[in-house]
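Residue-level structure breakdown
Here is what each chain is made of, one letter per residue.
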Amino acid sequence: MSKKWKSLYDSSRKFKDEWEIFFLWVKQSSDGSGEAFCKLCHCNLVPRLSSLQNHEKSDKHQKRQAAIPYTSALKVSPNVSDEVKRAELEIATAICCHCSTISVDHISDIIKRNGKGSTLGKINIHRTKCSKILTEVISPAYVEELKSDVLGQKFAILVDESTDVASKKLLCVVIRYFSRSEKKIVTELVELVEVSEATREALFQAIKNSIEKLGLSLKDCIGYASDGASVMTGTHNSVWSRIHEESPNCVQMKCICHSLALCVQAAFKKLPASLGFLLAEIPKWFSKSAIRREAFSTLFSIMDPCEERKGTPLPFQQASVTRWLVRGKVMNNILFNWEELKAYFMCAEKQSTPDCMYKARVLHGMLNDHINFLYMHCLTPLIAEFERVNAYFQLTDADPQSLEEELRCHYQSLCARVKNYQGEILPVEEVDFGAKFAQEVQRHLEKYPESEERIQEVKVRCLAFINEAIQQLERRLPPTQNTFKSLSALNPVKILSQFERVKFKDLPFPHLVANNFVKIEEQYRKILHVDCSEEPVFSGKIPENSTDFWSRVLRSRAKAVTSETAFGTAIPL
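Residues numbered from 1 in each chain as written. Predicted model: local features only at pLDDT ≥ 70, side-chain atom pairs only at ≥ 80, totals over all residues. Heavy atoms only, no water.

1. Some points on the overall build of the protein
As a reminder, the rule being used: The secondary structure listing takes helices from DSSP runs of H or I that are at least 4 residues long and strands from runs of E that are at least 2 residues long, numbered from the N terminus. Restricting the calculation to C-alpha atoms gives the radius of gyration, and the globule rule supplies 2.2 Å times the number of residues raised to the power 0.38. The classification of residues rests on relative accessible area computed with a 1.4 Å probe and restricted to protein chains. Under 20% of the type maximum is buried, over 50% is exposed, and intermediate values are partly exposed. In this analysis, two residues are considered to be in contact whenever any of their non-hydrogen atoms come within 4.5 Å of each other. Reported accessibility uses the Shrake-Rupley method at a 1.4 Å probe radius. Residues are deemed covered only where the shown protein chains occlude them. For the charge count, each Lys or Arg is scored as positive and each Asp or Glu as negative, with His and the chain ends excluded. The atoms used to mark charge sites are NZ of Lys, CZ of Arg, CG of Asp and CD of Glu.
A count of helical and extended segments in the protein gives 24 helices and 8 strands. Computed over the C-alpha atoms, the radius of gyration of the protein is 33 Å, more than 25% above the 25 Å expected from 2.2 N^0.38 for a compact globule of 573 residues. When its C-alpha atoms are laid out on the principal axes, the protein stretches across 110 × 80 × 65 Å. By residue count, 41% of the 573 residues in the protein fall in the buried class. At a minimum sequence separation of 6, the contacts of the protein that also span at least 24 residues come to 61%. Working note: accessible area of the protein is about 32700 Å², and carbon and sulfur atoms make up 52% of it. Across the protein, the mean location of the 77 positive side-chain charges is 7 Å away from that of the 71 negative side-chain charges.

2. Some remarks on the nonpolar core
Put simply, the rule is: Definition used in this section: a nonpolar core is a set of buried Ala, Val, Leu, Ile, Met, Phe, Trp, Tyr and Cys residues joined via side-chain atoms within 4.5 Å.
Membership of the largest hydrophobic core comes to 71 residues, with the highest contact counts inside it found for Phe-268, Ile-282, Phe-345, Phe-386, Phe-433 and Phe-465. The biggest single contributor to this core is helix α17 (residues 370-392), with 11 residues. Apart from residues lying up to four places away in sequence, Phe-345 is in contact with Ile-282, Trp-285, Phe-286, Ala-360, Leu-363, His-364 and Leu-367. Among the nonpolar cores identified, the runner-up in size contains 29 residues, and Ile-175, Val-186, Tyr-224 and Val-239 belong to it.

3. Things to note about the packing of helix α8 (residues 200-213) against helix α10 (residues 239-246)
Filter applied, for reference: Convention adopted: a line fitted to C-alpha atoms gives each axis, helices being fitted over their contacting stretch, and angles between N-to-C directions are expressed from 0 to 180 degrees. Each angle is binned into one of four classes, with values under 35 degrees roughly parallel, values over 145 roughly antiparallel, values of 65 to 115 roughly perpendicular, and all other values oblique. In a left-handed crossing the near helix is turned counterclockwise from the far helix by less than a right angle, and in a right-handed crossing that turn is clockwise. Note on residue classes: Ala, Val, Leu, Ile, Met, Phe, Trp, Tyr, Cys and Pro are nonpolar, Asp, Glu, Lys and Arg are charged, and everything else, Gly too, is polar.
At their nearest, the axes of α8 and α10 sit 9 Å apart, and the two run at 45° to each other. By the angle class used here, α8 and α10 are oblique. Two packed elements cross with a definite hand, and for α8 against α10 that hand is right-handed. Contacts between α8 and α10 involve Arg-200, Glu-201, Leu-203, Phe-204, Ile-207 and Lys-208 from the first element and Val-239, Arg-242, Ile-243 and Glu-246 from the second. Partitioning the contact of α8 with α10 into residue classes produces 5 nonpolar, no polar and 5 charged.

4. Looking at the sheet that holds strand β1 (residues 26-28)
Here is the rule we go by: A pair of strands counts as paired when DSSP detects no fewer than two bridges linking them.
The 3 strands are arranged β1-β2-β3 in an open sheet whose pairing can be described as antiparallel. Of all the strands in the sheet, the pair left with one neighbour each is β1 and β3 (43-45). Across this sheet, the average inter-strand angle for adjacent strands is 40°, counted without regard to direction. In the sheet, strand β2 (residues 36-38) pairs with β3 via 3 bridges, with the strands oriented antiparallel. Each residue of the ladder has a partner; that of Cys-38, found in β3, is Cys-43.

5. A look at the packing of helix α12 (residues 273-287) against α17
Working note: a packed helix pair is described by the angle between its axes plus the distance between those axes. Relative to each other, α12 and α17 sit at 80°, their axes nearing to 11 Å. In terms of axis orientation, α12 runs roughly perpendicular to α17. For the pair formed by α12 and α17, the contact residues are Ser-274, Leu-275, Leu-278 and Leu-279 on the first element and Asn-372, Tyr-375, Met-376 and Leu-379 on the second. For the contact of α12 with α17, a count of residues per class yields 6 nonpolar, 2 polar and no charged.

6. Points about the packing of aromatic side chains
In this description, an aromatic ring pair is defined by two values, namely the gap between the centres and the angle between the planes. Applicable threshold: Only Phe, Tyr and Trp rings are paired, with Trp represented by its six-membered ring, and only when their centres lie within 6.5 Å; those with planes under 30 degrees apart are stacked, over 60 edge-to-face, the remainder tilted.
Here the structure, examined in full by the defined rule, presents 18 aromatic pairs. Ring centres 5.4 Å apart and planes at 65° place the aromatic pair Trp-285 and Phe-345 in the edge-to-face group. Pair noted here: Trp-285 is in helix α12 and Phe-345 is in helix α15 (residues 338-351), with a separation of 60 residues, a long-range link. Classification of Phe-345 by relative accessible area gives buried; the value is 0%. Summarising the aromatic geometry, the rings of Phe-296 and Phe-300 are spaced 6.5 Å apart at their centres and angled 35° between planes, so their arrangement reads as tilted.

7. What about helix α21 (residues 478-487)?
So the rule is basically this: In this context, the arc is that of the directions from the helix axis out to the C-beta atoms.
Along α21, the residues classified as buried are Thr-480, Thr-483, Phe-484 and Leu-487. Down the axis, α21 shows its buried residues gathered within 95° of arc, on one side only. Buried-residue contacts for α21 involve β8 (251-254), α11 (256-268) and α18 (400-418).

Dropping the structure here:
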């Protein structure tokens, strides 16, 4: 056979589809050449059976094939009883909820060894089987159960995006709705979607696809919650604008916790940059050195021999990059340990290596400056107020009226520090910076009367901090506050009061009851004349929480009480 003829013959060879059955790692090349392509080695091969067989035996291919994790299909023995299966399902679910799957290897052996003679002694579950049960049995069953429970319901969407340790972009999609089976409002995870790019269109399509998998439509979405990033909440070209096109009556809710943190972050820029350096560098000094932490703990015990300050948090907690309000705890810990830190860095300045000596000297000098001590006394209680409100908004079932009152009281409390009853700005001498701050200022002036000008600068800077925090609250939170104020009209205290209840036309979400507007308005009037406490579902006491109250109303058989078509669909926000 001549080389020319052989070359012509080889060039006419084409890939055969049946090769994919015998060689799972091969497919036809996408470059149009008709050659075979190895999915493991990422290389083209001559479309000839012998070439594929030789490539499969090559060292390169075998090494790559050996690196692929392989798990066999889940096999269920026909002799296993239903009690054993149920026990294994419960164990797999508990492992999934509370710990790593690998731990089932040890836990199941302990259970089996100590459960001889019972159902638990017959279980046979390890991490491979546990993973298969979760992905092939429990997960599909959960999805089907969620589909049947949420089908036809109004719902709210909660989304957030993040990046995992493998640098994969993930989008978490959660829905909040009224569950028919549990007779209450629930929050359920829909899907954790991997997205290739965090663009507006890509994120919106990921959300839409996740919702449609449950048989839902964005037209039934009555609430949308996310962080305040422009790609998520922009007015004209964002995920929110696209959802608003699908559901024009949908209500937008930006993350309150994130907004409160941004308010303080913006206000903190009005203060000297040295404070930020102090908050960052002191915890960083101790973060990666057990020797330094032990040295400080020893010094702390020496300076407190009677253990009068036992339980005082040590200044080792680091500030978070994303959660700014964590710095409030860092600030509080540094303030509690101020004298101990001064003594520690005085020693560290003399004993540290040359590369650390300068930083220890700078920190010691800043701690010796009483002006920084005054800043801490003024700022710590202010930031603690933001932390308290932030923690309240992290509750699972906080009442909208209570949330609205918290925001309003916090805002009014800040304004009362810098304004009089007529709303006029107070002069800096009359501003309320806190009683502890005033005591420390008085003590410092008695010791250093010449520092009055520096103290005046501290007051001006702290006043700028408070004013900026107020302006940020006014700019970021009014839409949210209005939403909570509107939802507070559904609070049972107002609904059942002749004086506090709003008119029916002013209730939120009127579009949800458009089909039964007249009937529901009649029920709204009559509910005042129904003794709800006598209904069995209330057990003699009317709950003060809105969601709990209306969930019980749905279960009530009283003819004069509103039904599910009335307000049940308005609760999920």
